[in-house]
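# Fold and geometry: a report
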Amino acid sequence: MQTLRRIALAGTELEKAQCGTIRLKLLKIGAQIRVTVRKVWVSLSSGYPHAELFARVLAALEPGRAT
């Protein structure tokens with residue numbers, strides 16, 4: 001969680017959030033996950049209020065991406 005906060009959440013409203021808050025807002029979400037040979041698809045609910053933040057965190061954690 002510390003690494004997630006340091007790398008992916010820098011500059012966001014969850015930058016100084018407690019681990020429980022990060023887990024509640026970013027990790028405990030309802031989503032449909034489909035796994036194919038080459039990709040993992042995560043479909044979030046259209047009513048998910050933190051979808052933009054989730055996408056930003058995901059982009060920051062992509063392999064090979066400079067931070």
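These remarks concern the structure in this document. Given the structure is predicted, the values throughout are model-derived calculations rather than measurements.

## Observations regarding the pairing of strand 1 (residues 31–35)
With respect to burial, strand 1 is a largely exposed element, only zero of its five residues being buried. One ladder, built from five bridges, connects strand 1 with strand 2 (residues 40–44); its direction is antiparallel. When the sheet's bridge partners are listed, Gln-32 is paired in strand 2 with Ser-43. Between strand 1 and strand 2, which pair antiparallel and follow one another directly, the connecting turn spans four residues.

## Some thoughts on the side chain of Thr-12
Its location among the elements puts Thr-12 in the loop between helix 1 (2–7) and helix 2 (19–27). Judged by relative accessible area, Thr-12 falls into the buried class, the value being 10%. In terms of polar contacts, Thr-12 uses its side chain to reach the backbone carbonyl oxygen of Leu-9, at 2.7 Å. With residues near it in sequence (within four places) discarded, Thr-12 still touches Leu-53 and Arg-56.

Cut-offs used in this document
Residues numbered from 1 in each chain as written. Predicted model: local features only at pLDDT ≥ 70, side-chain atom pairs only at ≥ 80, totals over all residues. Heavy atoms only, no water. Buried < 20%, exposed > 50% of the residue type's maximum accessible area, 1.4 Å probe, protein only. Helix = DSSP H or I, 4+ residues; strand = E, 2+ residues; numbered from the N terminus. Pairing = 2+ DSSP bridges. Polar contact = N/O pair within 3.5 Å; in protein donor to acceptor, adjacent residues only side chain to side chain. Contact = heavy atoms within 4.5 Å.

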